[in-house]
Amino acid sequence: MEKAFNSIGQLVFAKDAHKNIGKYICPCCGDEVFKAEGKVQIAHFRHRSGGKKEYCDLYTQGLGNLYNPFDYASVMRRPYITFEEKNEEWDFYIKFPKIPKGLTRMFEDFNMYFNVSCREMQAKVSSVHLRHDSNSNKLKVMPKESYHFSIDIREYADRLQLRWPERINGFMEDIYLFTFIHGEFVMMEKNKVSLNDTFYLVSKKNLTFHQTLTVQSLKRRNGWLAYKVQLPNVLDDNLRNWFYKKLGFELKYPFYYLDLLEPSIYNRLSSAYVINDNTCSVGVTFRDFQYEKLTVIHIHPDMTSKQHLLINNVNEFSALEQGFHTFYIKNHEGKILNIYVDGEKHSHTVINYENKLVIDGESKVIFKDKKINIKNSTTVKHDFPFEVWRKSTKSFPQPLKGKENKLTTDDAETYIPGIWNFKVLSESKHDDVQLDTEALLLPYLKISQKKPAVITNKQYNELICLIENMTDSSRKQKLKYFIRLHRNKVPVDIKRILKNLKQISRDNVIERDY
């Protein structure tokens, strides 16, 4: 078995696990496993003696992400309460965790069916509705102080990793808030909450709302009032205080992003922007809505700080000292901006078309010419301000020394790292060879009928070069398709043709493409 859970619940590969250190759990059956490896077998997880189940190895090979991060039911791993509204009609539901995707086949193949019962509702949910791809993993409920659950075949649920509390809290307070999380409105505990622009409130009594909120009253049901509420685009302290005093919820400040607006040309140093100017403009954007008053904290290189009131979401900073500067919004969560001011202005040399690359007296234009054709060797001259490298088939890449060097057929490429490159091609000695296209194409059409031959990489490159000399473009494309499809496996007739072509040099590599 390749994968297992470690002591903190992460799914790890056996090759990354520690032998005889820590505890590992089988993702299928939940039993303890240990790492094993030897001279013959690669690293793998093994059950204790007598503990292996017949399906464990089969179903853990395809395990990737067990849970969908965009599915709240999978992330929570316990039942929770949701609010659903349609045309002013609304209901409460209890959502149940789903069977992980990697265990669904085991669930079906071994008929691991069971029922989840809710004592308060006198209702059941079949495990069929708990599949990873199901949208019916829910039960409509009436408001109760708590909900108790039981599973008729607990062993099946444990194997499918459906281990949740037998009891969850229900409606014990007078007011509840449902916020939008991963496509559904979920009941939130009375704590700090981060809201989207729309949410729902349910209450046992009438509520008087803040004047900046847009509120739609829904029908009263089961003794509860429901309201659909929309937040304003801009929050202020009065609204936050109203939420805390009237509802008991503390609103989190909106999440922000700070970005460098000017100068628009900069370098990077780790996570910091590097600028040469001592002035800059900083702008802020928000993920959902923004706060009314924004204060930017500016930490200087000497670790002193200063507060600036942000006007129109943009602020300019001048007389910046050399060193690191950090900017963030006070009392908010978000993306901090780091800037490094480089007091010494550096001149940056730019490669352009005037920089020359001369091959045997012939000038090449960089960014336009892509290949260099040579016979045995060639002389390369350049006047680039950057280091030029060569890639060879017989050694590691290395820089060219000086402004004049020789390239041979062993060189595959000359380049400036990250900027441009030239492919080095050796001139073919068989450009005048005329081939019978039918003699090449027909064997490939019958390759499945006979055992193919195997050619070397050099012969494969020679074959590609021969095809390039063909004039019939239609058949050329078909042949290139078959050659690249079967790679080094060729019909016996093709290998015989390659051997009979005396014009092909055995040591000639037509094109090296790395």
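Higher on the page you've got the structure.
All of the points below concern the structure found in this document.

Cut-offs and rules
- Residues numbered from 1 in each chain as written.
- Predicted model: local features only at pLDDT ≥ 70, side-chain atom pairs only at ≥ 80, totals over all residues.
- Heavy atoms only, no water.
- Helix = DSSP H or I, 4+ residues; strand = E, 2+ residues; numbered from the N terminus.
- Buried < 20%, exposed > 50% of the residue type's maximum accessible area, 1.4 Å probe, protein only.
- Contact = heavy atoms within 4.5 Å.
- Areas by Shrake-Rupley, 256 points an atom, 1.4 Å probe, with all protein chains shown as cover.
- Axes fitted to C-alpha atoms, helices over the stretch in contact; angles between N-to-C directions.
- Parallel < 35°, antiparallel > 145°, perpendicular 65-115°, else oblique.
- Left-handed = near helix turned anticlockwise from the far one by under 90°.
- Nonpolar A, V, L, I, M, F, W, Y, C, P; charged D, E, K, R; others polar.
- Pairing = 2+ DSSP bridges.
- Expected span 1.5 Å × (residues − 1).
- Salt bridge = Lys/Arg side-chain N within 4 Å of Asp/Glu carboxyl O.
- Core = buried A, V, L, I, M, F, W, Y, C linked by side-chain atoms within 4.5 Å.
- Polar contact = N/O pair within 3.5 Å; in protein donor to acceptor, adjacent residues only side chain to side chain.
- Patch = residues over 30% accessible without salt bridge, like charges linked within 9 Å, V, L, I, M, F, W, Y side chains within 5 Å.
- Lys, Arg positive; Asp, Glu negative; His and termini not counted.
- Charge placed at Lys NZ, Arg CZ, Asp CG, Glu CD.
- Phe/Tyr/Trp six-rings, centres within 6.5 Å; stacked < 30°, edge-to-face > 60°.
- Lys NZ or Arg CZ within 6 Å of the ring centre and 35° of its normal.

1. Describing the overall build of the protein chain
Item 1. In terms of helices and strands, the protein chain carries nine helices and 42 strands.
Item 2. A buried classification covers 44% of the 514 residues belonging to the protein chain.
Item 3. Taking the contacts inside the protein chain whose residues are at least 6 apart along the sequence as the reference set, 61% of them involve residues at least 24 apart.
Item 4. Of the roughly 29,900 Å² that the protein chain leaves accessible, carbon and sulfur atoms contribute 47%.

2. Structural notes on the packing of helix α6 (residues 437-445) against helix α8 (residues 473-486)
Item 1. One way to put it is that α6 packs onto α8 with a least axis distance of 10 Å and a crossing angle of 40 degrees. Taken together, α6 and α8 sit at an angle that is classed as oblique. Handedness of the crossing formed by α6 with α8: left-handed. Contacts from Thr437, Glu438, Leu440, Leu441, Tyr444 and Leu445 of α6 reach α8 at Arg475, Lys478, Leu479, Phe482, Ile483 and His486.
Item 2. Split into classes, the residues belonging to the contact of α6 with α8 amount to seven nonpolar, two polar and three charged.

3. A look at the sheet that holds strand β13 (residues 175-181)
Item 1. Spatially, eight strands are ordered β10-β7-β6-β14-β13-β16-β18-β17 in an open sheet, and the strand pairing comes out antiparallel. For this open sheet the edge positions go to β10 (138-141) and β17 (214-217), each flanked by a neighbour on one side alone. For this sheet, the mean inter-axis angle between neighbouring strands, taken without regard to orientation, is 35 degrees.

4. Things to note about helix α7 (residues 457-468)
The periodicity of an α-helix, 3.6 residues per turn, causes residues three or four places apart in sequence to face the same way.
Item 1. Along its 12 residues, α7 runs 17 Å from first to last C-alpha, staying within 8% of the 16 Å computed at 1.5 Å per residue.
Item 2. Within α7, nine of the 12 residues are buried, which leaves it mostly tucked inside the rest of the structure.
Item 3. Looking at α7, one finds that the buried residues are Gln459, Tyr460, Asn461, Glu462, Leu463, Ile464, Cys465, Leu466 and Ile467.
Item 4. Contacts from the buried residues of α7 go to α6, α8, β42 (489-490) and α9 (492-500).

5. Some details on the pairing of strand β31 (residues 337-341)
The two faces of a sheet get side chains in turn, since along a regular strand they alternate between them.
Item 1. Burial runs high along β31: four of the five residues are buried.
Item 2. As paired elements, strand β23 (residues 272-275) and β31 share three bridges and run parallel to each other. When the sheet's bridge partners are listed, Tyr273 is paired in β31 with Ile339.
Item 3. In this sheet, β31 lies alongside strand β29 (residues 323-329) in antiparallel orientation, the contact comprising five bridges. Among the inter-strand pairings, Phe327 is bridged to a residue of β31, identified as Leu337.

6. As for the packing of α6 against α9
Item 1. For the pair α6 and α9, interaxial distance at closest approach is 8 Å and the crossing angle is 150 degrees. It follows that α6 is roughly antiparallel to α9 by the angle criterion. Between α6 and α9, the contacting residues are Ala439, Leu440, Pro443 and Tyr444 on the first element and Asp493, Ile494 and Ile497 on the second.
Item 2. Among the residues forming the contact of α6 with α9, the class breakdown is six nonpolar, no polar and one charged.

7. Structural notes on the pattern of salt bridges
Item 1. Considering all chains together, one arrives at 13 salt bridges under this definition.
Item 2. Between Arg221 and Asp91 there is a salt bridge, with the nearest N and O atoms lying 2.9 Å from each other. In this pair, Arg221 sits in the loop between β17 and β18 (225-230) while Asp91 sits in strand β7 (residues 89-95), placing the two residues 130 residues apart along the sequence.
Item 3. Here Asp493 makes a salt bridge to Arg496, at a shortest N to O gap of 2.8 Å. A residue pair is termed a helical-turn pair when its members lie 3 or 4 positions apart in one helix, as Asp493 and Arg496 do in helix α9 at three residues.
Item 4. The exposure class of Asp493 is partly exposed, given its relative accessible area of 36%.
Item 5. By relative accessible area, which is 44% here, Arg496 ends up partly exposed.
Item 6. It is possible to trace a salt-bridge network through shared partners that takes in Asp91, Lys140 and Arg221.

8. Regarding the nonpolar core
Item 1. Residues Leu201, Leu231, Phe243 and Ile339 are the most contacted members of the largest nonpolar core, which totals 41 residues.
Item 2. Among the nonpolar cores identified, the runner-up in size contains 37 residues, and Phe83, Val116, Leu160 and Trp224 belong to it.

9. Comments concerning the side chain of Lys98
Item 1. Here Lys98 shows up in the loop between β7 and α3 (104-109).
Item 2. The exposure class of Lys98 is buried, given its relative accessible area of 7%.
Item 3. A distance of 2.8 Å separates a polar atom in the side chain of Lys98 from the backbone oxygen of Ser134.

10. Remarks on a positive patch on the surface
Item 1. Judged by side-chain charge, Lys190, Lys205, Lys245 and Lys246 come together as a positively charged surface patch.
Item 2. With respect to the element layout, Lys190 can be found in the loop between β14 (184-188) and β15 (192-193).

11. Some words on the packing of aromatic side chains
Each aromatic ring pair is specified by the distance between its two centres and by the angle formed by the two planes.
Item 1. Applying the stated criterion to the full structure yields 25 aromatic pairs.
Item 2. Ring centres of Phe107 and Tyr113 lie 5.1 Å apart, and the angle between their planes is 75 degrees; on these two criteria the pair is classed as edge-to-face.
Item 3. Since its relative accessible area comes to 1%, Phe107 is described here as buried.
Item 4. With a relative accessible area of 39%, Tyr113 lands in the partly exposed category.
Item 5. Members of the aromatic cluster, joined through ring pairs, are Phe83, Trp90, Phe92, Phe171, Tyr176, Phe178, Phe180, Phe185, Tyr200 and Trp224.
Item 6. Directly above the aromatic system of Tyr93 lies the positively charged group of Lys138, at a separation of 4.7 Å from the ring centroid.
Item 7. Here Arg487 stacks its cationic end above the ring of Tyr460, 3.9 Å away from the centre of that ring.

12. Re unusual backbone geometry
Item 1. Of note, the amide linkage connecting Glu262 to Pro263 takes the cis form, showing an omega dihedral of 0 degrees.
Item 2. Note that Pro263 resides in the loop between β21 (256-262) and β22 (267-269).
Item 3. Although it is not a glycine, Gln122 sits at a positive phi angle of roughly 50 degrees.
Item 4. Counting through the fold element by element, Gln122 comes out in the loop between β8 (115-118) and β9 (123-126).
Item 5. Of the residues examined, Gln122 reaches a relative accessible area of 70% and is grouped as exposed.
Item 6. Despite not being glycine, Asn222 has its phi angle at roughly 55 degrees, a positive value.
Item 7. Position of Asn222 relative to the elements: it lies in the loop between β17 and β18.

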